[in-house]
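Per-entry structural report
Now for the letters of each chain:
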Amino acid sequence: MLRTEFVRLQLPAFSEPSLEGWAFFENAGGSYTCQHVINSLSRFYRQRKVQPYGSFPASQDGGAEMDEARTRLSSILGVDYDELSFGPSTTTNTYVLAQAFGDFLDSGDKIIVTDQDHEANSGPWRRLVERGIKILEWKLDPETGQLDPQKLDDLLDTKVKLVCFPHCSNVVGAINPVKDIVEKIHHAGAVACVDGVSYAPHGLPDVGKLGADIYLFSTYKTYGPHQGAMVVRRSLAEKLPNQGHHFNGGTLFKRFTPSGPDHA
Ligand SMILES: Cc1ncc(COP(=O)(O)O)c(C=O)c1O
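All of the points below concern the structure found in this document.

About the cut-offs
- Residues numbered from 1 in each chain as written.
- Predicted model: local features only at pLDDT ≥ 70, side-chain atom pairs only at ≥ 80, totals over all residues.
- Helix = DSSP H or I, 4+ residues; strand = E, 2+ residues; numbered from the N terminus.
- Rg over C-alpha atoms; globule rule 2.2 N^0.38 Å.
- Buried ≥ 20, exposed ≤ 12 C-beta atoms within 10 Å, placed from the backbone.
- Contact = placed C-beta atoms within 7 Å.
- Pairing = 2+ DSSP bridges.
- Axes fitted to C-alpha atoms, helices over the stretch in contact; angles between N-to-C directions.

Further remarks concern the overall build of the protein chain. A tally of helices and strands in the protein chain yields nine helices and seven strands. Relative to the globule expectation of 18 Å for 264 residues, the C-alpha radius of gyration of the protein chain, 20 Å, shows essentially globular dimensions. With respect to the three principal axes, the spread of C-alpha positions in the protein chain is 55 × 50 × 30 Å. Scored against the burial criterion, the 264 residues of the protein chain give a buried share of 33%. A fraction of 64% describes how many contacts in the protein chain between residues 6 or more apart in sequence connect residues 24 or more apart.

So, in structure tokens, the structure goes:
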């Protein structure tokens, strides 16, 4: 049974006088931040806000805490430690990935996007048309709002290199059968980029089991700080050109976050 009183106690916004009387139904706008996160941020800024991974205690503690975040979240998501990176937002993460795919793909290659997605997993890919990539749209059924996986079959061919679709649509709320769709995509020789932003607030998935090559969500919608969590599986991350500092290219989780992570 969900103990709502216990849950409310974890979120200080519920006892904040200036927010009294307000109900917050705007799922996509983000979630309140829980007390544990606020405590950790506060400790980091008070005690550990120095260059991490140095030789003195504050720096070592800060670096260890950053590593712990990656270790714990990657294990929940069922992927390797270095397959998870943190960028400023999901939109920034897809933007950077689109630059990488733009360099990696050949003119005439195809990318499939949907009309069931948020702009974050659509616009950056569509703009690759300017670099000679063909963009195809997997359209939802206007009667049901659902994406029919059989319609994807009609679009897949050997020129398709990437298919981008949402785990859960922020437009119609449909939850897509990610594992089945990814199997189709892999069978056709392409890779899958799944936007999990609307899904993750309802439970973090086992990305390893889903099989997605890229999985993205935003931690400001999962009771955390404003960050974009991005999984890029090793086989793809090693192939895509490094978008970070040239000397960071050898570290998987630094290849697609040119700005580096927010240490806190
Ligand atoms: C389904 C979905 N994807 C992506 C985004 C963009 O996330 P971010 O704000 O981290 O760029 C949103 C934001 O509301 C969203 O609802």
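With that settled, the discussion passes to the sheet that holds strand β2 (residues 110-114). Within a sheet, adjacent strands bond to each other through the backbone by hydrogen bonds, running parallel or antiparallel. Overall, mixed pairing links the seven strands, which are arranged β1-β7-β6-β5-β4-β2-β3 in an open sheet. Both outer strands of the open sheet, β1 (84-87) and β3 (134-138), are each paired with one neighbouring strand and no more. For this sheet, the mean inter-axis angle between neighbouring strands, taken without regard to orientation, is 20 degrees. Examined bridge by bridge, β2 and β3 share five bridges and lie parallel to one another. Paired with T114 across the strands is W138, a residue of β3. Contacting β1 and β7 (228-232), helix α3 (residues 57-77) crosses the sheet at an angle of about 120 degrees to β1. Here helix α7 (residues 178-187) sits on the sheet and contacts β4 (160-166) and β5 (191-195); the angle it forms with β5, its principal contact strand, is near 155 degrees.

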